[in-house]
Amino acid sequence: METKKFGKLATSAVSLLMVFSLAACGGGKTEEAGTTNDGTKESGGTKAETPADDSKKLDISIGMWDADKAFTNRDSDELLKKVEGDFNITLKPKNVSWSDYQEKFRLWAAADELPDIIANDMFNTATYNQWIEQGIIRPLPDDLSKYPNVKKVMDQPDVQPLKVNGKFYMIPRLTFDSTDEWVMERGLVVRKDWMKKLNIDTPKTYEDYKNMLKKFVEGDPDGNGKKDTVGATLRLPSFLDTVLMPEIPQYSNEGWVYEDGKWMPSVASAKMVKGLTQVRDLYASGALDPDFPLLKNDDGLEKFAQNKAGALFSQISIAKLQNMQTIWAKYDHDVKFEDAVEILPVWPDEDGNTYRFVQTSFWSESYFSAKVDDAKMDRILKMYDFLLSPEGDMLVRYGFEGKDYKKEGDKIVVTRPVDAKTGSMKALKDVYPSQQVIAMVARWREDTYLEDSVKRMQFGDALVDKVDEAYKKLTSEAKPIPTAFDIKLMSTPAKDKVMGIKFVDDITKVVIGKEDPAKMWGTVLKGYEAKGLNEAIKEVNDKAAEMGIKP
């Protein structure tokens, strides 16, 4: 996934993690959108509650990643039939990809064709505020008492700062209950068999990593007599943030840093130049895939699986490893995936510090088109409330009790069939394709939620042990990215505008450029100043002082 990220630590981090959850509900008069006292266009009324009429079947469109693959077995997908039947709805997929979702959502919004529900990561951005002002998305109802599981999320104290003009315009899609669970969001998967073939010891320093990746280029690790392999590639161009983690870790979680007596976005930090210089060094030496700016969707995964890359910057969770294994199985190999790869942390900084990823409890949010009237919003919120309930959670995690799993005391015993190719238990989405969307509508679910016995049945002992070992090592040895969550969550006009800039495009230009990285980045920052960088820094520091927020 692509993320919205944050950072500060320990106590404040834990409390703020609980902040994002969500809420929703609503009554509203979308068709009568007016103007509030503060000039904001009111999209979707919240004053008059329309009595719910569940007898009428409603179409509900969902804009989400890979939605087109989720509704292919509409007549036989029992999970889809249950959800649609229980709420008397028909779910209509609107597909987006990881490469184009934000662009597509903006185009649909401009064309007044936004789906009823979309999942996006854009709170506290200029786009978010514009969509509210322009009446493109609707607010949630003020009274969420009809939807207790949604209300429970939205009642978290730290969620309250996310209101705009006293209303919520989104529902955070919870990912984890603890910042530590984000540890597997970034890492490096390396060809262990290539390391052995080229007599490479486990790297420990930046130079060690660079030399290893260069040997993957120059040492003919695939043995075909050609110099046709790259060192490390990226799952997506945006995973360049992982390569920057050692020098400027806050960039990867969109955190701000305290430097020279003031808060500033990570891109304005002096450490950004150090990071860019290091990434340029990797790129110029051939250690970093020269084609990384052109990668889309799973191009990097395919390249890794095709013996064309020795390492991959990616998420390293069990589900992502299994996805790599699946793609790996498409090609001929003389070694099993689990025996061929190793998970490594990203190299340490010059002080010896290795960082692990942290984030708030959500990275993305649900938004609802202003065209969604009160009746449809009520139906949507009822569905969300179910999916956030213990019953709904069990359904989307394990399927139907008595058919897909059984309970033996406190233990879940999954009874789904085994995949003939992998020997592992079939994923629930392979049994019910709609699960991959329905499970993700109300919250972003990671497979770490699955019970250990279930994980082992689904993914196999080899992958689970590999991921568990990496998790324990990173958790115990790496430092969480220093992150000021309270600054990250702060909304000011200029900050929201600046944080909507697609920094990775400028970073890429510097990495592949020929001029001095410091000079090039200085020019980029001048451009950011024209877009409000200095105003954003002033607004944030003034507000932090007012709120008593200290570094």
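Each value, and the rule that gives it
Residues numbered from 1 in each chain as written. Predicted model: local features only at pLDDT ≥ 70, side-chain atom pairs only at ≥ 80, totals over all residues. Heavy atoms only, no water. Helix = DSSP H or I, 4+ residues; strand = E, 2+ residues; numbered from the N terminus. Buried < 20%, exposed > 50% of the residue type's maximum accessible area, 1.4 Å probe, protein only. Contact = heavy atoms within 4.5 Å. Areas by Shrake-Rupley, 256 points an atom, 1.4 Å probe, with all protein chains shown as cover. Phe/Tyr/Trp six-rings, centres within 6.5 Å; stacked < 30°, edge-to-face > 60°. Axes fitted to C-alpha atoms, helices over the stretch in contact; angles between N-to-C directions. Parallel < 35°, antiparallel > 145°, perpendicular 65-115°, else oblique. Left-handed = near helix turned anticlockwise from the far one by under 90°. Nonpolar A, V, L, I, M, F, W, Y, C, P; charged D, E, K, R; others polar. Core = buried A, V, L, I, M, F, W, Y, C linked by side-chain atoms within 4.5 Å. 1 Å grid on protein atoms, 1.4 Å probe; cavity = no way out; pocket = protein on both sides within 12 Å on 5 of 7 lines; lining within 4 Å. Points joined across faces, edges and corners; volume = space filled by probe spheres on them. Pairing = 2+ DSSP bridges.

1. Quick notes on the overall build of the protein chain
Regarding its fold elements, the protein chain presents 24 helices and 17 strands. Taken across its 551 residues, the protein chain has 56% of its residues classed as buried. A separation of at least 24 residues holds for 77% of the contacts in the protein chain among residues at least 6 apart in sequence. Split by element, the accessible area of the protein chain, about 23000 Å² in all, is 48% carbon and sulfur.

2. Thoughts on the packing of aromatic side chains
One pass over the full model with this rule turns up 27 aromatic pairs. Judged by centre distance (5.7 Å) and plane angle (35°), the rings of W65 and W363 are tilted. In this pair, W65 is assigned in strand 3 (residues 58-65) and W363 in strand 14 (residues 362-368), connecting sequence segments 298 residues apart. Considered together, W65 and W363 belong to a single accessibility category, that of buried residues. One aromatic cluster is present, built from ring pairs that chain together W65, W98, Y101, F105, W108, W363 and W444.

3. Considering the packing of helix 10 (residues 270-285) against helix 22 (residues 503-512)
It is at 8 Å that the axes of helix 10 and helix 22 come closest, and there the two elements cross at 55°. Judged by the inter-axis angle, helix 10 sits oblique to helix 22. Relative to helix 22, the crossing made by helix 10 is right-handed. On helix 22, the residues touching M272, L276, V279, R280 and Y283 of helix 10 are I507, V510, V511 and I512. Grouping the constituent residues of the contact of helix 10 with helix 22 by class yields eight nonpolar, no polar and one charged.

4. Quick look at the nonpolar core
One finds Y128, M383, Y384, I507 and W521 to be the most contacted residues of the largest nonpolar core, which totals 137 residues. The element contributing the most residues to this core is helix 14 (residues 374-387), with seven residues. If you look at the next biggest cluster of nonpolar residues, it comprises 31 residues, including W328, Y405, V414 and L463.

5. Let's talk about the side chain of E247
Within the secondary structure, E247 sits in the loop between helix 9 (240-244) and strand 9 (256-259). Classification of E247 by relative accessible area gives buried; the value is 11%.

6. Quick word on the packing of helix 8 (residues 206-218) against helix 10
The interhelical angle for the contact between helix 8 and helix 10, taken along N-to-C directions, is 25°, at an axis separation of 10 Å. When the interaxial angle is binned, helix 8 and helix 10 end up roughly parallel. As for how helix 8 packs across helix 10, the hand of that crossing is right-handed. In this structure, helix 8 contributes Y206, K210 and K214 to the contact, and helix 10 contributes Q278, D281, L282 and S285. Class assignment of the residues belonging to the contact of helix 8 with helix 10 gives a composition of two nonpolar, two polar and three charged.

7. Section: the environment of K167
Looking at the secondary structure, you find K167 in the loop between helix 6 (148-154) and strand 6 (171-174). Placed 26 residues apart in sequence, K167 and P141 show a C-alpha to C-alpha distance of 8.1 Å.

8. Considering the layout of surface pockets
Approximately 1300 Å³ is the volume found for the second largest pocket. Around the second largest pocket, the lining is made up of 48 residues, and of these Q102, I501, K502, F503 and V504 lie nearest the centre. At the level of elements, helix 4 (101-110), helix 5 (126-133), helix 21 (493-498) and helix 22 are the ones that each hand at least two residues to the lining of the second largest pocket. The residue inventory of the lining of the second largest pocket, partitioned by class, reads 19 nonpolar, twelve polar and 17 charged.

9. Quick word on the pairing of strand 10 (residues 262-265)
For strand 9 and strand 10, the ladder comprises four bridges, and the chain directions are antiparallel. If you follow E259 over to strand 10, its bridge partner there is K262. In this antiparallel pair of consecutive strands, strand 9 and strand 10, the connection spans two residues, and D260 shows a positive phi of 55°.

10. Description of the sheet that holds strand 4 (residues 89-96)
Strand order in the open sheet formed by five strands is 4-3-5-14-6, and the pairing between neighbours is mixed. This sheet does not close on itself; its edge strands, each paired only once, are strand 4 and strand 6. Each strand of the sheet is rotated relative to its neighbour by a mean of 25°, with strand direction disregarded. Both strand 5 (residues 117-120) and strand 14 contribute to a ladder of four bridges, which runs antiparallel. Each residue of the ladder has a partner; that of I117, found in strand 14, is F368.

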